[in-house]
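Chain by chain, the residues:
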Amino acid sequence: MTTIEDSFQVAWDYLEATGELGHPDTAANHLLDTIETMVRRGERRRLLLSNTAIASYQRFRAEQGLSLAS
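Since the structure is predicted, the reported quantities are computational estimates derived from the model, not experimental observations.

Trainee: Run through the nonpolar core, naming residues and quoting values.
Mentor: Ranked by size, the top nonpolar core spans 14 residues in total, and within it W12, L15 and L31 carry the most contacts. Counting only elements with at least two residues in this core, the list comes to α1 (3-18), α2 (24-40) and α3 (46-69). Element by element, the count of residues in this core is highest for α2, at 5 residues. In this view, L15 contacts E20, L21, L31, I54, Y57 and Q58; residues no more than four positions away in its chain are not counted.

Trainee: Can you lay out the environment of F60 for me, pointing to particular residues and giving the numbers?
Mentor: Considering the arrangement of structural elements, one finds F60 in helix α3. Classification of F60 as partly exposed rests on a relative accessible area of 24%. Distance in space between the C-alpha atoms of F60 and A27 is 9.7 Å, their sequence separation being 33 residues. Dropping the residues within four chain positions of it, F60 is found in contact with T26 and H30.

Trainee: Pulling in residues and values, what's your account of α2?
Mentor: For α2, built from 17 residues, the straight-helix expectation of 24 Å at 1.5 Å per residue is met to within 8% by its first-to-last C-alpha distance of 24 Å. Buried residues of α2: A27, H30, L31, T34, I35, M38 and V39, and no others. An end-on view of α2 places all buried positions within 160° of arc, on one side of the element. Turned more than 90 degrees off the buried face of α2, the exposed positions are D25, N29 and R40. Backbone geometry just downstream of α2 places G42 in the positive-phi region, at approximately 105°.

The rules we used
- Residues numbered from 1 in each chain as written.
- Predicted model: local features only at pLDDT ≥ 70, side-chain atom pairs only at ≥ 80, totals over all residues.
- Heavy atoms only, no water.
- Core = buried A, V, L, I, M, F, W, Y, C linked by side-chain atoms within 4.5 Å.
- Buried < 20%, exposed > 50% of the residue type's maximum accessible area, 1.4 Å probe, protein only.
- Helix = DSSP H or I, 4+ residues; strand = E, 2+ residues; numbered from the N terminus.
- Contact = heavy atoms within 4.5 Å.
- Expected span 1.5 Å × (residues − 1).
- Arc of directions from axis to C-beta.

So, to be careful, I would describe these as geometric facts and stop short of saying anything about function.
Here is the structure:
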């Protein structure tokens, strides 16, 4: 597996295990976009990529929840 695939899988597995995954297509797109952007900027540390993608997706989900409640 590549760095991107490994990082994506770690993030996906974590979100799935914690029940935070949400809609699979949305989650996949967000995680992959975050990881690919970081890789293009030179980041190669798999756990940093995974953890950043997870945190970004959690913020995204929280913002979506707030906007839906308004």
